[in-house]
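# Descriptive structure summary
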Amino acid sequence: MADVVLECSNLRKEYGDLVAVDGVGFTIEEGETYGLLGPNGAGKTTTISMIAGLLDNDGGTAIVSGNEITTKSTTAKAVLGLVPQDLAIYPDLTARENLRFFGKLYGIDGSLDERVDEILAIIELSDRADDQTNEYSGGMKRRLNIGLGLLHKPDLLILDEPTVGVDPQSRNAILESVERLGSEGMAVLYTTHYMEEAERLCDRVGIIDEGTVVAEGTRRELVALVGERDRLHLELSGDAAAVADAVSAISDVESCSSAGSELEVVALNASRALPDVVLCVNDAGLDVHSVQVSEPDLESVFLHLTGKALRE
Amino acid sequence: MTGAAFTIAGKDLKERFRDRSAIMLAVVVPLGLAFILNLTLGPVTEQSFSTDVAVHDADGGAVAAGFGNMLADVEAAGFASMTDADTEAEARMLVDDHSVSTAYLLQEGLSVAVAANEEAKIVVVADPDQPIGAQVGRAIADGFASEVNAARLSVATALALGADDPEGLTEAALEVESPISLADAQTEGRGYDFTTFYATGIAVFFMFFTVQFGVLSIIDERENGTMPRLLVAPISRQSILVGKLLAAFLVGIASTVVLWLSTTFLMGAEWGASLIVVVLIVAGVAAAMGLTAAIATFAKTGEQAGAITAFVVVVFGMLGGTFFPVSRVSGAFSAISKATPHFWLMEGFRRSSAGEGVVNILPALGAILAFAIVLGSIGLVRSRDLVKHQ
């Protein structure tokens, strides 16, 4: 079993009468990417601010690699990296100077130049390393923003909505970088309100709403938790009622209904059931004119759990 | 903490030196301004006033001779340069072509008229294009007329008491030396020539602008989004604050020292003994940082902070005497002046420039340090609140 890198329990933050975060707790293991998914204002940024040691919590604990983190705990801070939502780079300095500056703050001394070159290669900025960053494109700045979080090889990397306001090409590059980090053994805490990013990157997802984690697990676990099923919608060459009973008998199929030439199939696993359904239709002497597969996503899970859409 | 603070200070200095506007504000503008003021206003205020006058003596008597003697004294004192005109027309011509500011026409029979106690006139022809010279010319004639009238009174008194030589009495009366004479002298101990005044005034004025970047850079870190990255680094918050203030302190010292040396070697300003100047600069930069930090931390944005600080610094600069000397003013304005660190810095530099010793500088230095401690404490407490996540 992998080591637990982040363990937070019962985190709480209040602003006067407003409880921004209320009893949030989860763990992240080495090599795991954990997504904190929720709409704007759900408490994601406040939660990660406490985990990163930016904010003091009003209750609960966050432990990174065995060190409890507070705003004053330099030991715990040394093993975590933060990629803030907003760009956090100095425009009058070059990429190399930005990296060297933060490298010194993290106490990387002897191997600093080597490490800076490594990071520049990872974020593909080696050829522009000595240009001031105010001359960079938005995507280049985003890449440097991520590079600065990786510089000191943290045990835990926190990325706070790193793709907000990023063009599709740069977004894809960022997502690929995060995937690579997870595969290299780094624990990643990723907050987003983009469901497709969470589905692509995260091994596990915590759904947060109004300061509380309302559900947690893998995508499939979450889908199962709320009772959502995959659906197949088929357009046939003849009367669909003729095959409805036979399709219902397929093992992965939970139920089947027909209306004219249209067949609606609810399956436990659509991709596994589809070949059997098509075979069954053909056996009945009908052809399949079109197929639509809809698998329940985190968006529908979120809607089910909170009664609102992620982008509200 | 030290290493991180130096790293942050180094980064801030690098950013500052790349920002050309900062260099302009810290060195180029104040130095340029000092040069311009020295070139344009320096000659006017540095030189003693002198005006050219012409005299046409058609009288040739004792009164005319007395007038001539008085003008010779004025000339010797350096206030006037006298030219003899052979004719009245020549004297008027000298005024018309602006060669002299004033021409005196001593008409025939002047001395006789004075002795006879009759109406006597010295005609003064003044050049309207040289108002100050003409005014001085008139004042000289007025002064002589007063002297003549006093002599006439003396003669009349003597005659009434039985004397019988009116012309001899008149001559004798005019020869009596005036108990009051003019001399050009600087106020003793003033020691603050124009060049030095503007060099120190401009340096003090801009010192407060230069050091404000310490607090502004903290606000900038927040606005640029880099503050969270600093706060998650394994360093103390104090080291962030110390690094920021250290950079501003060094920039304030460096820019003022550059102004000190430049105005000394290029313009001839006399700031005084080096050690005293250095101590005043260090104390002044500390007070300036305290003032700007105490003010700027009330602002919500960098833009607001810059505007508020600029307003206060300009007003304090004017009240404190960086634009014009206020060390001799009294009353409410004096009290207000003394409530600014600028006043005490200017006072310190004034005494230092006059060659006064450490003991005489101490009151000013003490006041500056008091400002530094009080304002600095307020600024430090308030700045500390800026170094946190919002």
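First, a word on what this report is: a plain description of the structure on this page. All residue numbers here refer to positions counted from 1 along the written sequence of the relevant chain. Note on labels: chains are lettered from A, ligands numbered from 1, in written order. The model is predicted, so local features are restricted to residues of pLDDT at least 70 and side-chain atom pairs to those at 80 or more, both for listing and for counting; the totals for chains, interfaces and linings are taken over all residues. Based on all heavy atoms of the structure, the side-chain values leave hydrogens and waters out of the count.

### Digging into the overall build of chain B
Basically, it comes down to this: Runs of H or I in DSSP of at least four residues are treated as helices and runs of E of at least two as strands, each being numbered from the N terminus. Only protein chains enter the area calculation, which uses a 1.4 Å probe; residues under 20% of their type maximum are buried, those over 50% are exposed, and those in between are partly exposed. Any two residues whose heavy atoms approach within 4.5 Å at even a single point are treated as in contact.
Check the secondary structure of chain B and you find 17 helices and four strands. Burial statistics for chain B: of 390 residues in total, 46% are counted as buried. Expressed as a percentage of contacts within chain B between residues at least 6 apart in sequence, the contacts between residues at least 24 apart total 76%.

### Brief notes about a negative patch on the surface
All names here are of chain B. Rules: What makes a patch is a set of residues exposed beyond 30% relative accessible area and free of salt bridges, joined within 9 Å when like-charged and within 5 Å when nonpolar (Val, Leu, Ile, Met, Phe, Trp, Tyr). Note that accessible areas follow from Shrake-Rupley with a 1.4 Å probe, and for residues the cover is restricted to the protein chains shown. Here, a salt bridge means any side-chain nitrogen of Lys or Arg that lies within 4 Å of a carboxyl oxygen of Asp or Glu. Within this scheme the basic residues Lys and Arg register as positive and the acidic residues Asp and Glu register as negative, but His and the chain ends are omitted. Positions of charges follow a simple convention, taking NZ of Lys, CZ of Arg, CG of Asp or CD of Glu.
A cluster of acidic side chains, namely Asp 57, Asp 84, Asp 86 and Glu 90, defines a negative patch on the protein surface. You can see Glu 90 is positioned in helix α5 (residues 88-96). Residue Glu 90 is classed as partly exposed on the basis of its relative accessible area of 31%.

### Notes on the interface of chain A and chain B
Basically, it comes down to this: Two parts placed together each lose some accessible area; with a 1.4 Å probe, that loss summed over both constitutes the buried area. Polar contact is defined as a pair of N or O atoms within 3.5 Å, subject to the rule that within protein one atom must be able to donate a hydrogen and the other to accept it, and that residues adjacent in sequence are counted only when both atoms are side-chain atoms.
Taken together, the contacts link 28 residues of chain A with 21 residues of chain B. Around 2,300 Å² of area is buried between chain A and chain B when both sides are counted, 64% of it from carbon and sulfur atoms. Broken down residue by residue, the surface that chain A buries against chain B is led by Leu54(A), Tyr90(A) and Leu105(A), which jointly contribute 28%. Measuring nitrogen to oxygen at the nearest pair gives 3.9 Å for the salt bridge that ties Lys14(B) to Glu97(A). Here chain A is connected to chain B by nine residue pairs in polar contact (both at pLDDT 80 or more). Put simply, the parts of the chain that give the side of chain A that touches chain B at least two residues each are α2 (74-77), α3 (95-105) and α5 (138-150) of chain A.

### Regarding α5(B)
Residue and element names in this part refer to chain B. Quick reminder of the rule: Summarising the geometry, the arc corresponds to the directions from the helix axis toward the C-beta atoms.
Along α5, the residues classified as buried are Ala 91, Leu 94 and Val 95. In a view along the axis of α5, the buried residues occupy a sector of 100°, so they form one face of it. Structural note: α5 exposes Ala 89, Met 93 and Asp 96 on the side pointing more than 90 degrees away from its buried face. Buried-residue contacts for α5 involve β1 (51-57), β2 (80-84), β3 (102-106) and β4 (122-126). Taken from the residues just after α5, His 98 is the one with a positive phi, measuring 65°.

### A word on the packing of aromatic side chains
Where we set the bar: Pairing of aromatic rings covers Phe, Tyr and Trp, the last through its six-membered ring, and needs centres within 6.5 Å; plane angles under 30 degrees mean stacked, over 60 mean edge-to-face, and all others mean tilted. Over a ring means this: the NZ of a Lys or the CZ of an Arg is within 6 Å of the ring centre and within 35 degrees of the ring normal.
Scanning the model with the defined rule gives 13 aromatic pairs over all chains in all. For the pair Trp271(B) and Phe349(B), a centre-to-centre distance of 5.1 Å together with 75° between the ring planes defines the contact as edge-to-face. With Trp271(B) in the loop between α12 (237-267) and α13 (274-296) and Phe349(B) in helix α16 (residues 341-353), this pair connects stretches of sequence that are 78 residues apart. Taken individually, Trp271(B) and Phe349(B) each receive the classification buried, so the pair is uniform in this respect. Taking the centre distance of 5.0 Å and the plane angle of 85° together, the rings of Phe343(B) and Trp344(B) count as edge-to-face. A relative accessible area of 19% means that Trp344(B) is categorised as buried. In textbook terms, an aromatic cluster arises when at least three aromatic residues are bridged by ring pairs, as seen for Phe205(B), Phe206(B), Phe209(B) and Phe323(B). Here the guanidinium or amino end of Arg171(A) rests over the ring plane of Tyr194(A), the centre of that ring lying 4.3 Å away.

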